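The lines below spell out each chain.
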Amino acid sequence: MGTERTDSPECDAPSEQWREYQGSPTGTALECEGWRQEAALRMLNNNLDPAVAEKPEELVVYGGTGRAARSWDAYDAILAELRTLADDETLLVQSGKPVGRFPTHERAPRVLIANSNLVGRWDTWEHFHELEAEGKIMYGQMTAGSWAYIGTQGIIQGTFETLAELARQHYDGDLSGRIVATAGLGGMGGAQPLAVTMNRGVCIAAEVDEERIDRRIETGYCMETVDDVDEAIERAEEAATAEEPYSVGVHANAADFHEHLLERGFVPDVVTDQTSAHDALEGYYPSGYTVEEADRLREQEPERYTEESFETMERHVDAILELQERGAVAFEYGNNIRGQVEEYRDRSGADARSWPVSGTDPEDRESFDFPGFVPAYIRPQFCRGKGPFRWVALSGDPEDIHRTDDAVLELFPEKEHLRRWIELAREQVQFQGLPSRVCWLGYSAGEASEAPREGGGEAADGEGDGEGDEGKGDDELTERARFALRINELVAAGEIAAPIVVTRDHLDAGSVASPNRETEAMRDGTDAVADWPILNALLTCAAGADIVSVHDGGGVGIGNAIHANNHVVLDGSDLAAEKARAVFTADPGTGVIRHADAGYEDALEEARRSNVAVPMVDRREGRE
Ligand code: NAD
């Protein structure tokens with residue numbers, strides 16, 4: 001290629017504006033022409049809040065090199081566009097750079113984002129890195145480039161739910177007396193120790209970067225740290241025997257850590273990891289180096305770094321397999337480490353195993369012999385359109401989130417699990433940046449219509465203001481729509497100081513194609529079909545979301561996933577209610593239809609119960 005670097009984040013010093021903001025603006029005074037544009041400006045700055053992002057001075061938000069903007073110049077340009085963007089215009093952001101602005105209409109999104117997407121045959125890390133080095137593309141991860149990241153607090157409920165489901169399947173419902181051995185205490189992985197202790201278990205987490213461990217301790221996600229693996233095991237065993245929740249970060253490379261457990265003959269109850277293995281060059285650390293030494297090696301000899309990174313990953317996966325063989329419950333936590341090792345073995349022709357896997361011919365052991373967390377623990381929720389729904393208080397006032405906590409509990413009094421989650425979150429999860437909350441909500445219109453109703457109201461009505469209309473509409477409302485409409489009412493009534501923006505993770509029921517993660521082992525073999533997230537993005541756009549984004553590669557790396565996200569700004573207006581009603585029906589609905597189409601009985605049942613149209617199934621079952 002050979003043209004000069006233009007928009008690379010390494011080319012320029014951090015923006016003066018970013019230095020002045022140090023996070024999102026708060027309060028009710030607007031810099032932009034309306035709340036929808038203001039929400040985009042605040043969410044972008046919130047992503048880059050030093051209390052939220054992992055390396056904000058490099059525009060890196062989380063997940064290896066997931067960035068919020070392509071360069072500091074592009075960041076400044078996005079802010080300038082957002083400040084003058086009218087209520088009937090749409091800004092286009094391509095891989096972190098503003099590239100166009102068009103007249104549209106009030107109901108249309110204010111911002112459309114596409115990050116990291118490449119055409120199939122070129123959709124590789126290699127080609128991506130070439131373009132990235134020339135400043136022509138950006139890795140958006142999932143919520144980094146779509147301005148929806150809310151810090152480690154955003155993933156905590158997903159991690160809590162996954163472990164709760166694991167505990168239900170293997171240990172009678174909680175993790176008391178159980179030890180979880182994991183690795184990676186970065187932006188997302190940092191949620192692991194707290195999610196384990198919230199489930200009453202014990203967590204040992206290996207992390208190469210001491211600063212990351214300290215950060216998790218400072219923010220209440222991890223209890224303490226030690227340098228010595230044996231000491232960590234002893235403390236963990238003591239806590240497990242006493243059935244006390246406990247977490248410890250240990251300063252070690254994950255592969256060395258897991259191998260040490262084997263050498264010592266210690267088998268944890270659960271083994272997993274959240275190192276950034278999806279990116280061998282910029283996410284994962286090879287064994288044998290300090291962080292500083294490894295960072296220098298990456299800079300000076302990137303090929304050698306990548307090779308050693310893969311070698312370490314291979315040892316890491318083999319050790320997990322051996323721990324599984326010796327009785328641990330093992331699962332991959334969404335970082336594509338199995339896929340990386342499989343590809344590496346295919347490329348290098350390596351078949352030697354670093355650990356003699358007990359009782360099995362090493363030739364028969366493949367990296368995919370332990371499951372991913374989605375098929376193991378999450379898919380039944382996806383079938384019902386359920387996923388990590390999040391909301392953020394644009395006022396910056398924690399009281400606004402506390403009011404929404406009350407609202408969600410008032411609205412769904414029958415959900416005991418939800419009450420437990422909200423109570424634990426209030427007590428144990430510190431806000432980072434703009435106060436936010438995450439809570440798994442889904443479709444379940446049928447279930448909701450049987451439950452006691454407290455929602456509805458004027459703002460919730462949107463267009464349908466006629467008498468009797470409210471009840472009729474509510475019967476068809478999803479959990480997500482009911483809750484969003486309730487928040488909109490609270491904003492309209494002045495009970496919440498400023499608008500709330502609702503968004504979610506890209507990891508959601510109908511918005512991802514990711515064969516090594518969200519769509520691993522789909523019943524009908526459609527793991528790699530990416531029409532679904534694209535339809536999801538188009539549909540939420542048509543339904544009136546305020547920001548819509550489509551990315552490649554989040555979580556599992558370039559070429560391994562396509563996924564979409566959206567934001568809706570609840571400013572108390574009728575228009576916001578109308579948008580919320582449509583988007584929060586369409587969005588979880590795509591999860592139901594995607595899984596119904598693949599033949600999952602839970603999804604088919606949800607579709608029947610909640611009247612979600614699935615044309616081909618309806619024809620077959622005589623409901624045309
Ligand atoms: P991050 O880059 O912020 O953190 C990764 C951490 O792993 C860093 O602190 C790094 O120092 C550490 N690390 C890297 N290699 C290591 C090694 N060999 N041994 C020990 N520590 C090592 O990333 P993140 O946002 O925490 O995400 C971690 C991974 O999990 C990514 O691959 C991401 O895509 C995936 N992820 C999963 C989910 C999920 O829901 N399961 C959600 C988001 C991200």
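So, how was this worked out
Residues numbered from 1 in each chain as written. Predicted model: local features only at pLDDT ≥ 70, side-chain atom pairs only at ≥ 80, totals over all residues. Heavy atoms only, no water. Helix = DSSP H or I, 4+ residues; strand = E, 2+ residues; numbered from the N terminus. Rg over C-alpha atoms; globule rule 2.2 N^0.38 Å. Contact = heavy atoms within 4.5 Å. Lys, Arg positive; Asp, Glu negative; His and termini not counted. Charge placed at Lys NZ, Arg CZ, Asp CG, Glu CD. Near = heavy atom within 4 Å. Polar contact = N/O pair within 3.5 Å; in protein donor to acceptor, adjacent residues only side chain to side chain. Areas by Shrake-Rupley, 256 points an atom, 1.4 Å probe, with all protein chains shown as cover. Salt bridge = Lys/Arg side-chain N within 4 Å of Asp/Glu carboxyl O. Buried < 20%, exposed > 50% of the residue type's maximum accessible area, 1.4 Å probe, protein only. Expected span 1.5 Å × (residues − 1). Pairing = 2+ DSSP bridges. Phe/Tyr/Trp six-rings, centres within 6.5 Å; stacked < 30°, edge-to-face > 60°. Core = buried A, V, L, I, M, F, W, Y, C linked by side-chain atoms within 4.5 Å. Axes fitted to C-alpha atoms, helices over the stretch in contact; angles between N-to-C directions. Parallel < 35°, antiparallel > 145°, perpendicular 65-115°, else oblique. Left-handed = near helix turned anticlockwise from the far one by under 90°. Nonpolar A, V, L, I, M, F, W, Y, C, P; charged D, E, K, R; others polar. Patch = residues over 30% accessible without salt bridge, like charges linked within 9 Å, V, L, I, M, F, W, Y side chains within 5 Å. pLDDT = per-residue confidence, 0-100.

### Focus: the overall build of the protein
Part 1 of the argument: From N to C terminus, the protein includes 23 helices and 17 strands.
Part 2 of the argument: Taken against the 2.2 N^0.38 rule, which gives 25 Å for 624 residues, the C-alpha radius of gyration of the protein at 23 Å falls within 12% of a compact globule.
Part 3 of the argument: Based on the C-alpha atoms only, the size of the protein along its principal axes is roughly 70 × 55 × 45 Å.
Part 4 of the argument: Relative to all contacts within the protein whose residues are 6 or more apart in sequence, the contacts with residues 24 or more apart total 74%.
Part 5 of the argument: Charged side chains in the protein number 58 positive and 122 negative. The centres of these two groups are separated by 3 Å.

### Focus on the site of the ligand
Part 1 of the argument: Residues in contact with the ligand amount to 32 residues; listed here are only the nearest, Gly64, Glu207, Ala254, His278 and Gly555.
Part 2 of the argument: One of the side-chain N or O atoms of arginine 212 is found 3.2 Å from an oxygen atom in the ligand.
Part 3 of the argument: The contact in question runs from a nitrogen atom of the ligand to an N or O atom on the backbone of tyrosine 285, over 2.9 Å.
Part 4 of the argument: Here the ligand, which alone exposes 850 Å², has 98% of that area covered by the protein.

### Details of the pattern of salt bridges
Part 1 of the argument: On inspection of all chains with the given rule, the structure shows 51 salt bridges.
Part 2 of the argument: Among the salt bridges present, the one from glutamate 132 reaches arginine 67, with a minimum N-O distance of 3.7 Å. With a gap of 65 residues between them, glutamate 132 in helix H4 (residues 125–133) and arginine 67 in strand S2 (residues 66–67) connect regions that are remote in the sequence. Neither glutamate 132 nor arginine 67 differs from the other in exposure class; each is buried.
Part 3 of the argument: Notably, a salt bridge pairs arginine 437 with aspartate 405, separated by 2.7 Å at the nearest N-O pair.

### What about helix H5 (residues 153–170)?
Part 1 of the argument: The end-to-end C-alpha separation of H5 is 26 Å, in line with the 26 Å expected for 18 residues at 1.5 Å each.
Part 2 of the argument: With 15 of 18 residues buried, H5 is to be regarded as a mostly interior element.
Part 3 of the argument: Trailing H5 by a residue or two, aspartate 172 shows a phi angle of about 55°, which is positive.

### Concerning the pairing of strand S5 (residues 111–115)
Part 1 of the argument: Across the two faces of S5 the burial differs, with Val111, Ile113 and Asn115 buried and Leu112 and Ala114 not buried at all.
Part 2 of the argument: For strand S3 (residues 89–94) and S5, the ladder comprises four bridges, and the chain directions are parallel. Counted as the bridge partner of leucine 91 is valine 111 from S5.
Part 3 of the argument: As paired strands, S5 and strand S16 (residues 547–552) are joined by five bridges and run parallel to one another. Of the residues in S16, the one forming a bridge with valine 111 is isoleucine 547.

### What to know about the side chain of glutamate 606
Part 1 of the argument: Within the secondary structure layout, glutamate 606 lies in helix H22 (residues 601–610).
Part 2 of the argument: Of note is the side chain of glutamate 606, whose polar atom sits 2.9 Å from the backbone nitrogen of serine 444.
Part 3 of the argument: Not counting chain neighbours up to four residues away, the residues in contact with glutamate 606 comprise Cys383, Arg384, Tyr443, Ser444, Ala445, Val592 and Asn611.

### Comments concerning the packing of aromatic side chains
Part 1 of the argument: Tallied over the entire structure, the rule returns 15 aromatic pairs.
Part 2 of the argument: When the centroid spacing of 5.2 Å and the interplanar angle of 40° are considered together, the rings of tryptophan 18 and tryptophan 72 count as tilted. Placement of the pair is tryptophan 18 in helix H1 (residues 16–21) and tryptophan 72 in helix H3 (residues 72–84), with a sequence separation of 54 residues. An identical accessibility class is assigned to tryptophan 18 and tryptophan 72; each is buried.

### Considerations on the nonpolar core
Part 1 of the argument: With 115 residues, the main nonpolar core has Tyr75, Trp147 and Phe483 as its most contacted residues.
Part 2 of the argument: When residues in this core are grouped by element, the largest group, seven residues, is from helix H19 (residues 479–492).
Part 3 of the argument: Here tryptophan 147 is in contact with Ala40, Met43, Leu44, Asn47, Ala68, Ile78, Val93, Val111, Ile113 and His567, once residues within four sequence places are set aside.
Part 4 of the argument: Val226, Ala240, Leu261 and Val317 belong to the second-largest nonpolar core, a separate cluster that totals 39 residues.

### Looking at the packing of helix H21 (residues 574–597) against H22
When two helices pack together, you describe them by how their axes are tilted relative to each other and by the distance separating the axes.
Part 1 of the argument: The geometry of H21 relative to H22 is characterised by a closest axis approach of 7 Å and an angle of 130° between their N-to-C directions. Taken together, H21 and H22 sit at an angle that is classed as oblique. As H21 packs across H22, the resulting crossing turns out to be left-handed. Here H21 contributes Val592, His595 and Ala596 to the contact with H22, which in turn contributes Ala603, Leu604, Glu606 and Ala607.
Part 2 of the argument: The class makeup of the residues in the contact of H21 with H22 is five nonpolar, one polar and one charged.

### Re a nonpolar patch on the surface
Part 1 of the argument: A cluster of nonpolar side chains, namely Ile534, Leu535 and Leu538, defines an oily patch on the protein surface of about 290 Å² accessible area.
Part 2 of the argument: Looking at the element boundaries, isoleucine 534 is found in helix H20 (residues 531–543).

### Considerations on the confidence of the model for the protein
As a note on interpretation, predicted positions should not be read in detail where pLDDT is low.
Part 1 of the argument: Per-residue pLDDT for the protein averages 91, and the proportion of residues at 70 or more is 91%.
Part 2 of the argument: The model gives residues 448–472 a pLDDT under 50, and that stretch makes 45 contacts with residues more than four places away or in other chains.

### Some thoughts on helix H12 (residues 337–348)
Part 1 of the argument: Helix length check: H12, at 12 residues, gives a terminal C-alpha distance of 16 Å against a target of 16 Å (1.5 Å per residue), a fit within 8%.
Part 2 of the argument: Among the residues making up H12, those that are buried are Ile337, Arg338, Gly339, Gln340, Val341, Tyr344 and Arg345.
Part 3 of the argument: Residues of H12 that are buried sit in contact with helix H11 (302–325).
Part 4 of the argument: Downstream of H12 by one or two residues, glycine 349 has phi in the positive range, about 70°.

### Regarding the side chain of glutamine 340
Part 1 of the argument: By secondary structure assignment, the location of glutamine 340 is in helix H12.
Part 2 of the argument: Residue classification places glutamine 340 among the buried positions, given a relative accessible area of 5%.
Part 3 of the argument: In this structure glutamine 340 touches Ala277, His278, Asp279, Ala280, Phe310 and Met313, once residues within four positions along its chain are discounted.

### A short note on the environment of serine 511
Part 1 of the argument: Structurally, the position occupied by serine 511 is in the loop between strand S14 (500–504) and strand S15 (512–513).
Part 2 of the argument: With 79 residues separating them in the primary sequence, serine 511 and threonine 590 have C-alpha atoms 7.5 Å apart.
Part 3 of the argument: For serine 511, the side chain forms a polar contact with the side chain of arginine 504, separated by 3.4 Å.

### Structural notes on the sheet that holds strand S7 (residues 202–207)
Part 1 of the argument: If you trace the six strands from one edge of the open sheet to the other, you get S8-S9-S7-S6-S10-S11, paired in parallel fashion. At either margin of the open sheet sits one strand with a lone partner, and together these are strand S8 (224–226) and strand S11 (329–330).

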